There are 2 protein chains.
Amino acid sequence: MSDELDDDFGEESVDIRAIAEHVVALARAGEFEAIGDTYWDEEVISFEPGEGPMAVCDGIDAVRAKSEWWSGAHEIHSGTAEGPWVNGDQFTVRFTMDVTNKDSGERFKMDEIALYTIEDGRIIEERFFY
Amino acid sequence: MSDELDDDFGEESVDIRAIAEHVVALARAGEFEAIGDTYWDEEVISFEPGEGPMAVCDGIDAVRAKSEWWSGAHEIHSGTAEGPWVNGDQFTVRFTMDVTNKDSGERFKMDEIALYTIEDGRIIEERFFY
């Protein structure tokens, strides 16, 4: 599928549900990096709740830096990805994870909804809800 | 809570998570009408996936008409409401329902994510993902 998406096709010909299902499949396989590598647009913008320094990451470099920081700071024991749920050029995925913060040693469960917006086959916005 | 929300307070002073949790509590109690009666803004706009006649309902009268049509056309056997998940002035809820379409007799399970946007304590947009 990623090869197909390298083509420059218009919004209307992109099958949002196929992209959404691929994202869920990658997450279930633990291949979170591949989601970004395959689908992040250069201009992707990512929103986390709250006011922290990573609440808004604008552009693929900033979003990748956040992702790499998070991956480095946490050990993932297990996780699930449910969905996708689709509407127009957007879809949502529910992620749960059992993780340990490597610095604090704290182990906790995450349960979040991710809302992705697609344009020309790429994620141009991701927004996380806790 | 609904009394408090009758006051005209600004966006910053509205506790989105409290509204979100109230919406989930009302849904769990089966009081779906009360969600709209309490929280729909006069200018609420509601988006369903697809191209049907009710894909976009603009204004509280249109949204209420959709809701009343749906309630009249379906028998709800059971349901769940999970969440809320919050980010800024938006929150999401996951609804599942076991329903029968009264016209066709078809019984089916629904599983959807609702994305609500709040302004001044009211739902100004709702967007459903299937």
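This text follows the structure it describes.
Here's what I pulled together on the structure shown here. All values reported here derive from a predicted model rather than from experimental measurement.

Per the counting criterion, the structure on display carries 14 salt bridges over all chains. For the salt bridge of Arg 94 of chain B with Glu 82 of chain B, the shortest nitrogen-to-oxygen distance reads 4.0 Å. Here Arg 94 of chain B is found in strand E4 (residues 90-101), whereas its partner Glu 82 of chain B is found in strand E3 (residues 74-87), with 12 residues between them in sequence. Across the pair Asp 111 of chain B and Arg 94 of chain B runs a salt bridge, and its minimum N-O distance is 2.8 Å. Highlighted residues: Asp 111 of chain B in strand E5 (residues 107-119) and Arg 94 of chain B in strand E4, separated in sequence by 17 residues. With relative accessibility at 33%, the residue Asp 111 of chain B sits in the partly exposed group. Since its relative accessible area comes to 8%, Arg 94 of chain B is described here as buried. Each of Glu 82, Arg 94 and Asp 111 of chain A together with Glu 82, Arg 94 and Asp 111 of chain B takes part in one network of salt bridges that share partners.

Where like charges cluster on the molecular surface, the negative patch consists of Glu 42, Glu 43, Asp 58 and Asp 61 of chain A. On the secondary structure map, Asp 61 of chain A appears in helix H4 (residues 60-73).

Residues and elements named next belong to chain B. Taken in spatial order, the six strands line up as E2-E1-E6-E5-E4-E3 in an open sheet, and their pairing is mixed. Because the sheet does not close on itself, it has two edges, and the strands there are strand E2 (56-58) and E3. Each strand axis lies, on average, 20 degrees off the axis of its neighbour in the sheet, ignoring direction. Taken together, the three bridges between strand E1 (residues 40-47) and E2 define a ladder with antiparallel strand orientation. Looking at the pairing, Ser 46 lines up with Cys 57 of E2. Sheet strands touched by helix H2 (residues 16-28): E3, E4 and E5. Its angle to E3, the strand with the most contacts, is close to 165 degrees. Helix H4 (residues 60-73) contacts E1, E2, E3, E4, E5 and strand E6 (122-129) of the sheet and is inclined by roughly 60 degrees relative to E1.

With that settled, consider the relation of the copies chain B and chain A. For these two chains of identical sequence, chain B goes onto chain A by a turn of 180 degrees and a shift of 0.0 Å along the axis, with RMSD 0.0 Å. Taken together, the rotation angle and the small translation identify this as a two-fold axis. Both copies present the same face, since 100% of the interface residues in chain B are matched by interface residues at the equivalent positions in chain A.

Residues and elements named next belong to chain A. Over its 14 residues, H4 extends 20 Å from the first C-alpha to the last, a length consistent with the 20 Å expected when each residue adds 1.5 Å. All buried positions along H4 are accounted for by Ile 60, Val 63, Lys 66 and Ala 73. Structurally, H4 contributes buried residues whose contacts are with strand E1 (40-47), strand E2 (56-58), strand E3 (74-87), strand E4 (90-101) and strand E6 (122-129).

So, how was this worked out
- Residues numbered from 1 in each chain as written.
- Chains lettered and ligands numbered in written order.
- Predicted model: local features only at pLDDT ≥ 70, side-chain atom pairs only at ≥ 80, totals over all residues.
- Heavy atoms only, no water.
- Salt bridge = Lys/Arg side-chain N within 4 Å of Asp/Glu carboxyl O.
- Helix = DSSP H or I, 4+ residues; strand = E, 2+ residues; numbered from the N terminus.
- Buried < 20%, exposed > 50% of the residue type's maximum accessible area, 1.4 Å probe, protein only.
- Patch = residues over 30% accessible without salt bridge, like charges linked within 9 Å, V, L, I, M, F, W, Y side chains within 5 Å.
- Areas by Shrake-Rupley, 256 points an atom, 1.4 Å probe, with all protein chains shown as cover.
- Lys, Arg positive; Asp, Glu negative; His and termini not counted.
- Charge placed at Lys NZ, Arg CZ, Asp CG, Glu CD.
- Pairing = 2+ DSSP bridges.
- Axes fitted to C-alpha atoms, helices over the stretch in contact; angles between N-to-C directions.
- Contact = heavy atoms within 4.5 Å.
- Least-squares fit on C-alpha atoms with pLDDT ≥ 70 in both.
- Expected span 1.5 Å × (residues − 1).

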